[in-house]
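# Fold and geometry: a report
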Amino acid sequence: VGKVINGTTYNTEDVKLITFMGGANDWYTVDEAQGIDRLGDPTSEDKTQLHGACKYIFDTLLASFPNADIVVILQPSSPYKGNYSMWLKEGIIRDMAEMYSLPICDCWFEWYNPSNPTAAATYWASDELHMTDAGNAAIFDKLEKVVNNLPFTRN
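These notes cover the structure that comes with them. Keep in mind it's a predicted model, so treat the numbers as computed, not measured. (Residues numbered from 1 in each chain as written. Predicted model: local features only at pLDDT ≥ 70, side-chain atom pairs only at ≥ 80, totals over all residues. Heavy atoms only, no water.)

## Quick word on the sheet that holds strand β3 (residues 17-22)
- Pairing in this open sheet of three strands is parallel, and the strands run β3-β6-β7 from one edge to the other. Looking at the sheet topology across the chains shown, the edges are occupied by β3 and β7 (104-106). Along the sheet, successive strands turn relative to each other by an average axial angle of 25°, direction set aside.
- Judged from the six bridges that link them, β3 and strand β6 (residues 69-74) form a sheet pairing that is parallel. Each bridged residue has a counterpart across the sheet, and for M21 the counterpart in β6 is I73. (Pairing = 2+ DSSP bridges. Helix = DSSP H or I, 4+ residues; strand = E, 2+ residues; numbered from the N terminus. Axes fitted to C-alpha atoms, helices over the stretch in contact; angles between N-to-C directions.)

Quick look at the structure:
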């Protein structure tokens, strides 16, 4: 059953582009003594682990939207979140996207450094978590380049 918008019915087959961005709010606790591993490994099917959750999400998107390009955005870090945890999580998301051969818009590894005071002031809001208008524009510009370079495979 499709979604009707302004008298036109749209179905999952009509979706042409999906952007996925994740990682910043995902947990990353690994405590072997207590049996906690929120990261898993690339073979994980456990949706409570970041690897398994990415696998579940990517499998679901690919199956549900057969005509859509799926672009994975590696989320920018921030001065507030800390670079190590974001590096770890975005690395997993990058690895999983590569495993699925999904195009990546890298706003983490090839991006502005939030530890640089000029970049932080330009691209991150005063809460040191969200992006400024310039930061959002930079994400959009990078995403636009990725989307514009997707291979054309549809009729």
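Structure's up, so let's keep going.
## Thoughts on the packing of helix α1 (residues 50-64) against helix α2 (residues 83-99)
- Their axes nearest at 10 Å, the elements α1 and α2 cross at an angle of 40°. For the element pair α1 / α2, the angle class is oblique. Crossing handedness for the pair α1 and α2: right-handed. Contacts between α1 and α2 involve L50, H51, C54, K55 and F58 on the former and, on the latter, K89, I92, I93, M96, A97 and M99. (Parallel < 35°, antiparallel > 145°, perpendicular 65-115°, else oblique. Left-handed = near helix turned anticlockwise from the far one by under 90°. Contact = heavy atoms within 4.5 Å.)

## Details of helix α4 (residues 133-148)
- Between its first and last C-alpha atoms α4 spans 22 Å; for 16 residues at 1.5 Å apiece the expected length is 22 Å, and the two agree.
- Taken together, the buried positions of α4 are occupied by G135, A138, I139, L143 and V146. On an axial view of α4, the arc spanned by its buried residues comes to 130°, and they lie on one face. Projecting away from the buried face of α4 at angles above 90 degrees are the exposed residues D133, K145 and N148. (Expected span 1.5 Å × (residues − 1). Buried < 20%, exposed > 50% of the residue type's maximum accessible area, 1.4 Å probe, protein only. Arc of directions from axis to C-beta.)

## Considerations on a negative patch on the surface
- A surface patch of like charges, here negative, comprises E32, D37, D41 and D46.
- We classify D37 as partly exposed; its relative accessible area is 33%. (Patch = residues over 30% accessible without salt bridge, like charges linked within 9 Å, V, L, I, M, F, W, Y side chains within 5 Å. Areas by Shrake-Rupley, 256 points an atom, 1.4 Å probe, with all protein chains shown as cover. Salt bridge = Lys/Arg side-chain N within 4 Å of Asp/Glu carboxyl O. Lys, Arg positive; Asp, Glu negative; His and termini not counted. Charge placed at Lys NZ, Arg CZ, Asp CG, Glu CD.)

## Focus on the packing of aromatic side chains
- The final tally for this structure, using the stated rule, is six aromatic pairs.
- Both rings, one in W111 and one in Y112, keep their centres 5.0 Å apart while their planes meet at 70°; by these two values the pair is edge-to-face.
- Its relative accessible area of 16% is what places W111 among the buried residues.
- Note on Y112: relative accessible area 36%, which makes it partly exposed.
- Each member of the aromatic cluster is reached from another via a ring pair, and the members are F20, F58 and Y100. (Phe/Tyr/Trp six-rings, centres within 6.5 Å; stacked < 30°, edge-to-face > 60°.)

## Thoughts on the pairing of β6
- When you tally the buried positions in β6, you get six out of six residues, the bulk of the element.
- Burial of the side chains of β6 extends over both faces: D69, V71 and I73 are buried on one face and I70, V72 and L74 on the other.
- Pairing of β6 with β7 involves three bridges; the strand directions are parallel. Each residue of the ladder has a partner; that of L74, found in β7, is D106.

Geometry only, nothing functional implied.
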